[in-house]
Amino acid sequence: MDYIIAQPDVNFLRVAGQSSCFPVNRVFCVGRNYEDHAREMGGDVEREPPFFFMKPANAVVPMEDGKADVPYPPMTSDYQHEIEMVVAIGSVAYEIEKDKAREHITGYAVGLDMTRRDLQMQARNMGRPWDLGKSFFMSAPIGDLYLASDIGHPEDAEISVEVNGETRQSSNINMLIWSVEETIAYLSKFEPLLPGDIIMTGTPKGVRPVNVGDVMVGKVDGLGSITVSVIEKNLKDYF
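Everything in this summary refers to the structure shown in the same document. Sequence positions are assigned chain by chain, starting from 1 and proceeding in written order. Reporting in this predicted model follows two pLDDT cut-offs: at least 70 for local features of residues, and 80 or more for side-chain atom pairs to be given and counted; totals over whole chains, interfaces and linings ignore these cut-offs and use all residues. Only hydrogens and water are set aside when side-chain values are computed; all heavy atoms of the structure are taken into account.

### Some remarks on the pairing of strand S8 (residues 83–89)
Now for step 1: Burial status follows relative accessibility: with a 1.4 Å probe on protein chains alone, a residue under 20% of its type maximum counts as buried, one over 50% as exposed, and anything between as partly exposed. Helix and strand assignments come from DSSP, with helices taken as H or I runs of at least 4 residues and strands as E runs of at least 2, each series counted from the N terminus. Counting buried residues along S8, seven of its seven residues qualify, which places the element largely inside the surrounding structure.
Now for step 2: Both faces of S8 are covered, namely the face carrying Ile83, Met85, Val87 and Ile89 and the face carrying Glu84, Val86 and Ala88.
Now for step 3: Pairing between S8 and strand S9 (residues 105–112): seven bridges, direction antiparallel. The residue of S9 that forms the bridge with Met85 is Val110.
Now for step 4: With three bridges joining them, S8 and strand S15 (residues 198–200) adopt antiparallel strand pairing. Among the inter-strand pairings, Val87 is bridged to a residue of S15, identified as Ile199. Criterion used throughout: strands pair if DSSP finds at least two bridges between them.

### So, unusual backbone geometry
Now for step 1: Backbone geometry places Met75, a non-glycine residue, at a positive phi of 65°.
Now for step 2: Within the secondary structure layout, Met75 lies in the loop between strand S6 (67–71) and strand S7 (79–80).
Now for step 3: At Glu95, a residue that is not glycine, the phi angle is positive and equals roughly 55°.

### Side note on the environment of Val228
Now for step 1: With respect to the secondary-structure elements, Val228 resides in strand S17 (residues 225–231).
Now for step 2: The spacing of Val228 and Phe52 is 176 residues in sequence and 25 Å in space, taken between C-alpha atoms.
Now for step 3: Two residues form a contact once any of their heavy atoms are found within 4.5 Å. With residues near it in sequence (within four places) discarded, Val228 still touches Met63, Ala68, Val70, Leu112, Pro141, Asp214, Val215 and Met216.

### Points about a nonpolar patch on the surface
Now for step 1: Residues Val92, Tyr94 and Leu194 make up a contiguous nonpolar surface patch of roughly 260 Å² in combined accessible area.
Now for step 2: Summarising the element assignment, Val92 is placed in the loop between S8 and S9. Each patch is built from residues lacking any salt bridge and having more than 30% relative accessible area; the joining distance is 9 Å for like charges and 5 Å for nonpolar side chains (Val, Leu, Ile, Met, Phe, Trp, Tyr). Surface accessibility in these figures is a Shrake-Rupley result with a 1.4 Å probe; residues are shielded only by whichever protein chains are displayed. The salt bridge definition used is simple: a Lys or Arg side-chain nitrogen within 4 Å of an Asp or Glu carboxyl oxygen.

### A closer look at the layout of surface pockets
In this approach, a probe sized like a water molecule rolls over the atoms, and the result shows the empty space that is left.
Now for step 1: When its volume is computed, the largest pocket comes out at roughly 340 Å³.
Now for step 2: In the cavity and pocket records, a cavity denotes points on a 1 Å grid over the protein atoms alone where a 1.4 Å probe fits but cannot get out, a pocket denotes an open set with protein on both sides within 12 Å along at least 5 of 7 lines, and lining residues are residues with an atom within 4 Å of a point. In terms of lining residues, the largest pocket is bounded by 13 residues, among which Asp9, Asn11, Asn58, Phe137 and Phe239 are the most central.
Now for step 3: When residues of the lining of the largest pocket are assigned to their parent elements, the largest contribution, three residues, is made by strand S5 (residues 60–62).
Now for step 4: Its residues assigned to classes, the lining of the largest pocket comprises ten nonpolar, two polar and one charged. Grid points are joined across faces, edges and corners, and a volume is the space filled by probe spheres set on the points. Each residue is assigned to one class: nonpolar for Ala, Val, Leu, Ile, Met, Phe, Trp, Tyr, Cys and Pro, charged for Asp, Glu, Lys and Arg, and polar for all the others, Gly among them.

### Some details on the sheet that holds strand S16 (residues 215–220)
Now for step 1: Pairing within the open sheet is mixed, and its five strands lie in the order S6-S17-S16-S13-S14. Across the chains shown, the open sheet's two edge strands, defined by having one partner strand only, are S6 and strand S14 (166–172). Here the average twist between neighbouring strands, direction ignored, is 20°. As a rule, the C-alpha atoms of each element are fitted with a line to give its axis, helices using only the stretch in contact, and angles between N-to-C directions run from 0 to 180 degrees.

### A closer look at helix H5 (residues 180–188)
Now for step 1: The element H5 is extensively covered by neighbouring structure, given that eight of its nine residues are classed as buried.
Now for step 2: Those residues of H5 lying buried are Val180, Glu181, Glu182, Thr183, Ile184, Ala185, Leu187 and Ser188.

### A few points about the packing of aromatic side chains
Now for step 1: Paired rings are identified among Phe, Tyr and Trp, the last through its six-membered ring, by centres lying within 6.5 Å, and are further divided according to the angle between planes into stacked (under 30 degrees), edge-to-face (over 60) and tilted (the rest). Scanning all chains against the criterion turns up nine aromatic pairs.
Now for step 2: Taken together, a centroid distance of 5.8 Å and an interplanar angle of 90° make the contact between Phe51 and Trp130 edge-to-face. In this pair, Phe51 is assigned in strand S4 (residues 51–55) and Trp130 in the loop between helix H2 (117–125) and helix H3 (131–134), connecting sequence segments 79 residues apart.
Now for step 3: Given the relative accessible area of 18%, Trp130 is considered buried.
Now for step 4: Here the aromatic cluster, defined as three or more aromatic residues joined through ring pairs, consists of Phe52, Trp178, Tyr186 and Phe190.
Now for step 5: Both a distance and an angle decide whether a charge sits over a ring: NZ of Lys or CZ of Arg must be within 6 Å of the ring centre and within 35 degrees of the ring normal. When the ring centre of Phe136 is taken as origin, the NZ or CZ atom of Arg116, which lies over that ring, is 4.3 Å away.
Now for step 6: Lying over the aromatic face of Tyr238, Lys233 brings its terminal NZ or CZ to 4.3 Å of the ring centre.

### A look at the environment of Val27
Now for step 1: Position of Val27 relative to the elements: it lies in strand S3 (residues 27–31).
Now for step 2: A C-alpha to C-alpha distance of 5.2 Å links Val27 and Lys55, two positions 28 residues apart in sequence.
Now for step 3: The residues contacting Val27, other than those within four sequence positions of it, are Phe53, Met54, Lys55, Pro56, Ala57, Val60, Ile198 and Met200.

### Considering the pattern of salt bridges
Now for step 1: Taken as a whole and judged by the stated rule, the model has 14 salt bridges.
Now for step 2: Between Glu64 and Arg14 there is a salt bridge, and its shortest N-O distance comes to 2.9 Å. Here Glu64 is found in the loop between S5 and S6, whereas its partner Arg14 is found in strand S1 (residues 12–14), with 50 residues between them in sequence.
Now for step 3: Residue Glu191 is joined to Arg26 by a salt bridge in which the shortest nitrogen-to-oxygen separation is 2.6 Å. With Glu191 in the loop between H5 and S15 and Arg26 in the loop between strand S2 (21–23) and S3, this residue pair connects regions lying 165 residues apart in the sequence.
Now for step 4: Owing to a relative accessible area of 30%, Glu191 belongs among the partly exposed residues under this scheme.
Now for step 5: If you follow the salt bridges from partner to partner, you end up with Lys55, Glu82, Asp113, Arg117 and Lys134 in one network.

Next comes the structure, spelled out in structure tokens:
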């Protein structure tokens with residue numbers, strides 16, 4: 001097929017222990033999926049149906065030897081970290097029940113949902129979408145994908161992030177309000193999940209700002225760690 005412009009690059013995650021990659025299609029994110037984070041954001045902690053927002057595929061920043069740089073984004077003075085477990089979908093999941101969800105999971109990774117919190121809060125207070133606060137270029141640095149066929153399906157794993165050696169967030173994925181399987185099944189009722197889709201499953205309490213020069217180390221037990229440095233770089237330099 002001929003295109004009238006250059007075809008956009010394929011965004012991807014590296015696969016742990018392999019030379020192959022996982023192509024990223026869409027990025028779904030679950031909002032307020034830990035009770036302690038819901039409280040710190042001023043939300044209701046009752047177990048209501050999950051809600052979602054999305055990031056573009058070019059939000060994804062793959063690691064190189066477990067490390068990556070992200071530029072401090074424009075139009076914000078409150079750039080915050082949110083550590084999350086990431087789930088990769090490998091086959092079409094549509095209108096499924098939760099006991100079938102694992103059949104569609106290719107693997108898991110550790111990631112950061114980087115957020116322009118001031119823009120998100122401004123939009124929330126005005127009853128507007130969160131896109132400019134959440135859905136921006138290079139806002140989702142994600143580590144190598146660990147295949148479910150190799151590691152199984154994590155249910156009890158510590159999740160944490162340190163900034164400059166200080167622990168900021170620390171919890172366990174068993175504290176998710178909506179489990180991975182419940183999340184996939186629920187979302188599949190609204191939208192066919194397709195191969196290449198990924199889901200960022202939510203963050204625990206402790207979200208705080210980072211600045212140029214800060215180094216974040218994010219971990220999920222069994223999924224390795226990522227080291228992400230915040231740098232000062234004009235976005236024009238990426239294109």
